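Residues per chain are reported as follows:
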Amino acid sequence: MPGAQTNTSLNGITPTQQMMASCSGALLTSLIVTPFDVVKIRLQAQKTPFHKGKCFLYCNGLMDHLCVCENGNTRAWYKAPGQFRGTVDAFFQIARNEGIRSLWSGLPPTLIMAVPATVIYFTCYDQLRNLMRSYLGYDGSFIPVIAGASARVGAVTVISPLELIRTKSQSRRLTYRELRVVIRTAVTHGGWLSLWRGWGPSVLRDVPFSAIYWYNYELLKKLLCKKYNVSEPTLLISFSSGASSGTIAAVLTLPFDVVKTRRQIEIGELDAMKSPKKLSSTWIIMERIVRQSGFRGLFVGLLPRLLKVAPACAIMISSYEYGKSFFRKMNKERERKKALSQTSEKMHTG
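For clarity, every value in this text was computed on a predicted model and none was experimentally measured. (Residues numbered from 1 in each chain as written. Predicted model: local features only at pLDDT ≥ 70, side-chain atom pairs only at ≥ 80, totals over all residues. Heavy atoms only, no water.)

Let us now look at the environment of Val153. Along the chain, the position of Val153 falls in helix α5 (residues 143-172). Not counting chain neighbours up to four residues away, the residues in contact with Val153 comprise Trp199 and Val207. (Helix = DSSP H or I, 4+ residues; strand = E, 2+ residues; numbered from the N terminus. Contact = heavy atoms within 4.5 Å.)

Phe56, Tyr213 and Trp214 are the most contacted members of the largest nonpolar core, which totals 40 residues. Mapped by element, the contributors of at least two residues to this core are α2 (15-47), β1 (55-59), α4 (107-136), α5, α7 (199-227), α8 (235-252) and α11 (302-349). For this core, the element with the most residues is α4, which contributes nine residues. Residues in contact with Trp214, not counting those within four places in the same chain, are Tyr121, Phe122, Tyr125, Pro144, Gly148 and Ile317. (Core = buried A, V, L, I, M, F, W, Y, C linked by side-chain atoms within 4.5 Å. Buried < 20%, exposed > 50% of the residue type's maximum accessible area, 1.4 Å probe, protein only.)

Turning to a nonpolar patch on the surface, a few remarks are in order. On the surface, Leu28, Leu31, Ile32 and Phe36 cluster together into a nonpolar patch covering about 370 Å² of accessible area. By relative accessible area, which is 54% here, Phe36 ends up exposed. (Patch = residues over 30% accessible without salt bridge, like charges linked within 9 Å, V, L, I, M, F, W, Y side chains within 5 Å. Areas by Shrake-Rupley, 256 points an atom, 1.4 Å probe, with all protein chains shown as cover. Salt bridge = Lys/Arg side-chain N within 4 Å of Asp/Glu carboxyl O.)

What follows is about the packing of aromatic side chains. Counted according to the given criterion, the structure contains twelve aromatic pairs. Their ring planes at 70° and their centres at 5.0 Å tell us that Phe122 and Tyr320 sit as a pair that is edge-to-face. On the criterion of sequence distance, the pair formed by Phe122 in helix α4 and Tyr320 in helix α11 is long-range, its members being 198 residues apart. Residue Phe122 is classed as buried on the basis of its relative accessible area of 6%. Through a chain of ring-to-ring contacts, the aromatic side chains of Tyr121, Phe122, Tyr125, Phe209, Tyr213, Trp214, Tyr217 and Tyr320 assemble into a single cluster. A cation over an aromatic ring shows up here: Arg152 above the ring of Tyr121, its NZ or CZ 3.9 Å from the ring centre. (Phe/Tyr/Trp six-rings, centres within 6.5 Å; stacked < 30°, edge-to-face > 60°. Lys NZ or Arg CZ within 6 Å of the ring centre and 35° of its normal.)

The buried count for β1 comes to five of five residues, which makes it a mostly enclosed element. Covered by surrounding structure in β1 are Cys55, Leu57 and Cys59 together with Phe56 and Tyr58, the residues of both alternating faces. As judged from the five bridges shared by β1 and strand β2 (residues 64-68), these two strands associate in the antiparallel manner. Looking across to β2, one finds that Cys59 is bridged to Asp64. Between β1 and β2, which pair antiparallel in sequence order, lie four residues; one of them, Gly61, sits at a positive phi of approximately 90°. (Pairing = 2+ DSSP bridges.)

Before going further, it helps to examine the pattern of salt bridges. All chains considered together, the criterion is met by 20 salt bridges. As a salt-bridge pair, Arg133 and Asp139 come within 2.9 Å of each other at their nearest N and O atoms. Relative accessible area serves as the criterion here: at 24%, Arg133 is assigned to the partly exposed category. As a salt-bridge pair, Glu321 and Lys221 come within 3.4 Å of each other at their nearest N and O atoms. Of this pair, Glu321 sits in helix α11 while Lys221 sits in helix α7; the two residues are 100 residues apart in sequence, bridging distant segments of the chain. Comparing Glu321 with Lys221 shows no difference in burial state: the two are buried. A single salt-bridge network, built from bridges that share partners, covers Asp126, Arg129, Arg133, Asp139, Glu218, Lys221, Lys222, Glu321 and Lys324.

Read these as spatial facts, not as claims about activity.
Following this line, the structure appears as structure tokens:
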């Protein structure tokens, strides 16, 4: 049995089809979620103008990306003039005065990182989960936890150096030759591990988030499928399970998100200002937040995080599950036609 079993038979689809499903889900999530973050950043810029070397986080629904205000660039999208009276007014004004495409400002460069990271993450999760189920012979509740955490570690490890390079090139508008020199200098002074200096806070937040998210998602999906007597999750089941699981994971991992945000911004601003100041460790940042604002400081921004995470998780997982369902049905239909063709040939030869 193990020798004859293929990746297709484990999940009904091939790894390539899983990648295609996760890629389409990633693009759809970005297209829907990005305008909300663009509006949020424009409102922030209106309240507190972004100056040279100032950093802010840009989220396309898949990843948080560090953006460094460009030196002397008054035409940057986040510096565009406008007086907004609120979120809805900002949507209408940006679309009317700057064109509908302005609601997706800054999206293309971030997709270069976010889409591959999402494809690696979702494909690895499915492959690991199915592999563990196949070898263990049962569907234990701990399987999504291990598969989700492992897949996230892999994705963060691959993407962290690329994201650091992207931030460096953005903050100083470096040529490829200058960028190579900067990377070589960083490696010479800090070793190869310096390319992964944002890895710790990312893993500290993203790995627990993934473990909690996938555990709850698989549990809720199974319960809802059983309740409505369906073998595969419908779009509504996937959407509601994804939103609920994302909400639970976002609440439980909020302190790590606060720390990661502070550390990301500190990294970017030190790089932008070429400061020799030593970067604070994750635990020092956490201690500083508690000292300044108490333990409540670790839970600031809960509502904005939920408004961002829950819809993004729901859209991503429901579109991914829909894509997998589409390919699964396509493969079954192809196998059915192949079986009919073989039966027909045997009848003719017989």
